[in-house]
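Spelled out, the chains give:
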Amino acid sequence: MSNGARCESGAEPVLVRAAHACDYSVREGALDASDFEASSAPVEVASCGEPAGSSRIAVLAEDSIFAGEAELIARRLGARATLSFEEASRHPVHLLLGANGLSLVSGGLSMRGDFAHLAPRLRRDRLGRELLVKASKVKGLAASRDAASRDLASPRPLAVDATAGLGEDSLLLAAAGFDVLMFERNPVIAALLDDALRRAAGAPELADVVARMRLCRQDSIEALSAMEGDVTVVLLDPMFPARTKSAAVKKKFQLLHLIEQPCSDEEELLDAAVGAKPLKVVVKRPPKGPYLAGVKPSYSVEGKAVRYDVIVPPR
């Protein structure tokens, strides 16, 4: 991992290979100033994770009791914290911090990271039926979700979610027994994911799973080049291009498209993933979508709503 990378875990630190150890671990409860680094520039409505345009984002505290934490989040983003809904509404999008966590808001649309609704899918009788878990399974390499049932001298297999978003796919991989490094370069999306991790760390049914998840606020392309041979699976989920019929785009993607556009560096991303020499590269695509960067996979695991293209790099 490159110098300056900041990685954060869902709860207490877990054993991850020394080359990828994180320099910061998330605690349950409120934030304090030591949790943040000041940003050198304001966050703006972004294209493909990089600042673009001129519309700055605001962080609105729902109540004065959240003002201090909102200020800390705003400091990290180089944004402005406020208690005024009117002021926040002047921005195309703003972050709202309240009792339910951190939300991304624009007009009548609102979205926040939340793992609680995924808890039923993590049950033993359902997890193995998840298409992502099937696509990520490596023959002869058993990932155990329970410390008591595995050899503690052997590290868990390592999955890299190179385009983490709100972390839902990472949660499934962690539940399946992987240690997961999540890379998210868009600072606003990373803030939403960080908030979701913090809340999940306090939920008994999720705490053990998110303890295996670490957030790295950086571009994965550079980081993958330092991981050659250490990674079991790399997951790629570049944002799907906007559909021509706006009614078909889910509210979540309408909001995400305001701060991050579909990426155009597909070839570079795929090359970096393959270059890390994992046992598998798993690419999430729409059912009828084109192959990522035009590369035909070794095989695909298909469902009605999604398709996972699996590339098995030569060893």
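The following refers to the structure shown. Because the structure is a prediction, the values reported are computed rather than measured.

## Observations regarding the overall build of the protein
Moving on, step 1. Each helix and strand counted, the protein has ten helices and 15 strands in total.
Moving on, step 2. Across the 315 residues that make up the protein, the buried fraction comes to 51%.
Moving on, step 3. Contacts in the protein between residues at least 24 apart in sequence constitute 66% of all its contacts with a sequence separation of at least 6.
Moving on, step 4. In the form shown here, the protein has an accessible surface area of approximately 14,800 Å², with 52% of it arising from carbon and sulfur atoms.

## Some words on the side chain of Thr163
Moving on, step 1. Within the fold, Thr163 resides in the loop between strand S9 (158–161) and helix H5 (168–175).
Moving on, step 2. The class for Thr163 is buried, based on a relative accessible area of 19%.
Moving on, step 3. From its side chain, Thr163 meets the backbone nitrogen of Asp237 in a polar contact 2.7 Å long.
Moving on, step 4. Excluding residues that lie within four positions of it along the chain, Thr163 makes contacts with Phe183, Glu184, Leu235, Leu236, Asp237, Pro238 and Leu269.

## Quick notes on unusual backbone geometry
Moving on, step 1. Positive phi, normally seen in glycine, also occurs at Lys277, with a value near 55°.
Moving on, step 2. Counting through the fold element by element, Lys277 comes out in the loop between helix H10 (266–275) and strand S13 (280–285).
Moving on, step 3. Residue Lys277 is classed as partly exposed on the basis of its relative accessible area of 40%.
Moving on, step 4. Phi is positive for Ala293, which is not a glycine, with a value near 55°.
Moving on, step 5. Position of Ala293 relative to the elements: it lies in the loop between S13 and strand S14 (299–302).

## Overview of the environment of Glu62
Moving on, step 1. Turning to its location among the elements, Glu62 is positioned in the loop between strand S4 (58–61) and helix H1 (67–77).
Moving on, step 2. The sequence separation of Glu62 and Leu96 amounts to 34 residues, and the corresponding C-alpha distance is 6.5 Å.
Moving on, step 3. Of note is the side chain of Glu62, whose polar atom sits 3.3 Å from the backbone nitrogen of Ala99.

## Comments concerning the sheet that holds S4
Moving on, step 1. What the five strands build is an open sheet, ordered S5-S4-S6-S7-S8; its pairing is mixed. The open sheet has two edge strands, strand S5 (80–82) and strand S8 (109–111), and neither has a second partner. The average angle at which neighbouring strand axes cross in this sheet is 25°, direction not considered.
Moving on, step 2. Seen against the sheet, helix H6 (residues 187–201) touches strand S6 (94–98), strand S7 (101–106) and S8 and runs at an angle of roughly 145° to S7.

## With respect to the pairing of S4
Moving on, step 1. Burial along S4 is two-sided: Ala58 and Leu60 and Val59 and Ala61, pointing in opposite directions, are all buried.
Moving on, step 2. Pairing of S4 with S5 involves three bridges; the strand directions are parallel. Within S5, the residue paired with Ala58 across the bridge is Arg80.

## Focus on the pairing of strand S10 (residues 179–183)
Moving on, step 1. Most of S10 sits inside the fold, with five of its five residues counted as buried.
Moving on, step 2. Examined bridge by bridge, S9 and S10 share four bridges and lie parallel to one another. Residue pairing for S10: Val160 is matched across the bridge by Leu181.
Moving on, step 3. Read as a crossover between parallel neighbours, the route from S9 over H5 to S10 is right-handed.
Moving on, step 4. Note that S10 and strand S11 (residues 213–216) share four bridges and pair parallel. Considered in S11, the bridge of Met182 is made with Leu215.

## Side note on the side chain of Asp195
Moving on, step 1. Mapping Asp195 onto the fold places it in helix H6.
Moving on, step 2. For Asp195, a relative accessible area of 10% corresponds to the buried category.
Moving on, step 3. Here the side chain of Asp195 touches Arg199 through a polar contact of 2.9 Å, side chain to side chain.
Moving on, step 4. Not counting the four nearest positions on each side in its chain, Asp195 is found in contact with Gly101 and Leu102.

## Let's talk about H5
Moving on, step 1. In terms of burial, H5 is largely enclosed, as seven of its eight residues are buried.
Moving on, step 2. Among all positions of H5, only Asp169, Ser170, Leu171, Leu172, Leu173, Ala174 and Ala175 are buried.
Moving on, step 3. Once H5 ends, the next one or two residues include Gly177, with phi positive near 115°.

## Brief notes about the environment of Leu132
Moving on, step 1. Note on placement: Leu132 falls in helix H4 (residues 131–136).
Moving on, step 2. A relative accessible area of 1% means that Leu132 is categorised as buried.
Moving on, step 3. It is 9.0 Å that separates the C-alpha atoms of Leu132 and Arg307, two residues lying 175 residues apart in sequence.
Moving on, step 4. Contacts of Leu132, omitting those with residues within four sequence positions, involve Asp169, Leu172, Leu173, Leu235, Val282 and Tyr308.

## Considerations on the pattern of salt bridges
Moving on, step 1. Under the counting rule described, the total for this entry stands at 13 salt bridges.
Moving on, step 2. Across the pair Asp114 and Arg199 runs a salt bridge whose closest N-O atoms are separated by 3.6 Å. With Asp114 in the loop between S8 and helix H3 (124–127) and Arg199 in helix H6, this residue pair connects regions lying 85 residues apart in the sequence.
Moving on, step 3. Overall, Arg199 belongs to the partly exposed group, its relative accessible area being 25%.
Moving on, step 4. When the shortest N-O distance is used, the salt bridge between Asp194 and Arg217 registers 3.5 Å. With Asp194 in helix H6 and Arg217 in the loop between S11 and helix H8 (220–224), this residue pair connects regions lying 23 residues apart in the sequence.
Moving on, step 5. Counted as one network, the salt bridges with shared partners bring together Asp114, Asp195 and Arg199.

What counts, and at which threshold
Residues numbered from 1 in each chain as written. Predicted model: local features only at pLDDT ≥ 70, side-chain atom pairs only at ≥ 80, totals over all residues. Heavy atoms only, no water. Helix = DSSP H or I, 4+ residues; strand = E, 2+ residues; numbered from the N terminus. Buried < 20%, exposed > 50% of the residue type's maximum accessible area, 1.4 Å probe, protein only. Contact = heavy atoms within 4.5 Å. Areas by Shrake-Rupley, 256 points an atom, 1.4 Å probe, with all protein chains shown as cover. Polar contact = N/O pair within 3.5 Å; in protein donor to acceptor, adjacent residues only side chain to side chain. Pairing = 2+ DSSP bridges. Axes fitted to C-alpha atoms, helices over the stretch in contact; angles between N-to-C directions. Right-handed = clockwise from strand over helix to strand, strands pointing away. Salt bridge = Lys/Arg side-chain N within 4 Å of Asp/Glu carboxyl O.

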